[in-house]
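# Examining the three-dimensional arrangement
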Amino acid sequence: MSITMGEIAYTNAKPFFYYLDRQKLEREGVRFEQDVPASLNRKLEEQKLSGSAVSSFAFGSSTRALSLLPSLCVASAGKVRSILFYSRYPLEELAGRRIALTSTSATSVHLLKIILQEFYQVTEAEYRTQAPDPVKMKEQNDAYLLIGDDAIKASWEESDWFRYDLGELWYAHTGLPMVYAVFAVQNESFQQDGSTWSALHHDFLQSRRTAQQDDFAGMASDYSHKLGGSRAYWQEYFRGLHFTLGAREQEGLLYYYHLAYKYGYLNEAVESLDILQPGDEVHYLF
Ligand SMILES: C=C(O[C@@H]1C=C(C(=O)O)C=C[C@H]1O)C(=O)O
């Protein structure tokens, strides 16, 4: 019995991983693989991972083989601070422009296209995917999108370009939270290793609870040492995120899927979310 679990390499998902007892989990057959979201999405689709924290978009594009671990997500209702769109021009003036998209994302690149089409009538632009190097992206394009720690580091620098926070734009136009990451499990793996999954899910909840108990102070001081930025910055950052997939978050996610389908980014409509429930697995109640 073994599980290979994908772990998002960005700080935004860390409350679920930071306080895990990895040695105990290893003894229970759980192995972690760290990577950026786009790579985890691909590995999950290729069944190289039993489950993973992934882009919410990736879950929407292969819902048949996957289910969601309940309650876990990375979301925001308003500013996210780490999904930033830099532009030489205001959003309304982006038609036909050259726009660079970070190669590490799936949710945010589609979120950007959806926001531009649905709310700013920018239907044609020249999109190109690039490694998240803000200097090159700026030199070669009229606008560029960064996510995760790359966006956070960029946000500490001055910029003479317009800077938009996609979480803030989404909320302003929809009044709904935006869900960036979810925890998806291969149905096959859950059937085989249900009790290990239940234990791991329990540990994710426990890590999140521990992170929230000191209001993220412990994590904030660690990430301030590791990545720069003040303790206060990181604490504010974590406080601004939603780590619970509640009813509003689910509503926001389904609306995102609705628009992703409308504009042809998803081949099939996603009308409901397959979230694992108590009783799906006999040994443990979520
Ligand atoms: C909040 C963020 O969400 C991330 C954005 C993702 C995406 O755009 O595909 C995937 C996972 C999330 O961890 C971030 O990048 O800062």
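Residues numbered from 1 in each chain as written. Predicted model: local features only at pLDDT ≥ 70, side-chain atom pairs only at ≥ 80, totals over all residues. Heavy atoms only, no water.

As annotated in an unreviewed UniProt entry, the protein carries the name Chorismate dehydratase and comes from Marinococcus luteus. Looking at the protein in UniProt, the text filed under Function (unreviewed entry) is "Catalyzes the dehydration of chorismate into 3-[(1-carboxyvinyl)oxy]benzoate, a step in the biosynthesis of menaquinone (MK, vitamin K2)." (UniProt positions renumbered as here; feature names shortened; annotations may be inferred.)

Before going further, it helps to spend a moment on the side chain of Lys43. Positionally, Lys43 belongs in helix 2 (residues 37-45). Owing to a relative accessible area of 14%, Lys43 belongs among the buried residues under this scheme. Not counting chain neighbours up to four residues away, the residues in contact with Lys43 comprise Glu33, Asp35, Lys48 and Leu49. (Helix = DSSP H or I, 4+ residues; strand = E, 2+ residues; numbered from the N terminus. Buried < 20%, exposed > 50% of the residue type's maximum accessible area, 1.4 Å probe, protein only. Contact = heavy atoms within 4.5 Å.)

Our next topic: helix 6 (residues 148-155). Counting buried residues along helix 6, six of its eight residues qualify, which places the element largely inside the surrounding structure. Regarding helix 6, the residues found buried are Gly148, Asp149, Ala151, Ile152, Ala154 and Ser155. Buried-residue contacts for helix 6 involve strand 5 (83-87), strand 8 (143-147), strand 9 (162-165), helix 10 (217-227) and helix 11 (231-239).

Right, let's get into the pairing of strand 5. Of all five residues making up strand 5, five are buried, and the element is well covered by its neighbours. Of the strand pairs in this sheet, strand 5 and strand 8 are connected by five bridges, and their pairing is antiparallel. Bridge assignment links Ser87 to a residue of strand 8, and that residue is Ala143. By the bridge criterion, four bridges tie strand 5 to strand 9 in an arrangement that is antiparallel. For Leu84, the partnering residue across the bridge sits in strand 9 and is Asp165. (Pairing = 2+ DSSP bridges.)

For the structure shown, the criterion picks out 25 aromatic pairs. A ring pair is formed by Phe17 and Phe32, whose centres lie 6.2 Å apart and whose planes are at 85 degrees; its orientation type is edge-to-face. With Phe17 in the loop between strand 1 (3-8) and helix 1 (22-27) and Phe32 in strand 2 (residues 30-35), the pair connects residues that are 15 residues apart, well separated along the chain. Judged by its relative accessible area of 19%, Phe32 is buried. Ring centres of Phe17 and Phe183 lie 5.9 Å apart, and the angle between their planes is 20 degrees; this geometry places the pair in the stacked category. One end of the pair, Phe17, is in the loop between strand 1 and helix 1; the other, Phe183, is in strand 10 (residues 178-186), with 166 residues separating them in the sequence. Pair check on accessibility: Phe17 and Phe183 agree, each one buried. Sitting over the face of the ring of Tyr89, Arg97 holds its NZ or CZ atom 3.7 Å from the ring centroid. (Phe/Tyr/Trp six-rings, centres within 6.5 Å; stacked < 30°, edge-to-face > 60°. Lys NZ or Arg CZ within 6 Å of the ring centre and 35° of its normal.)

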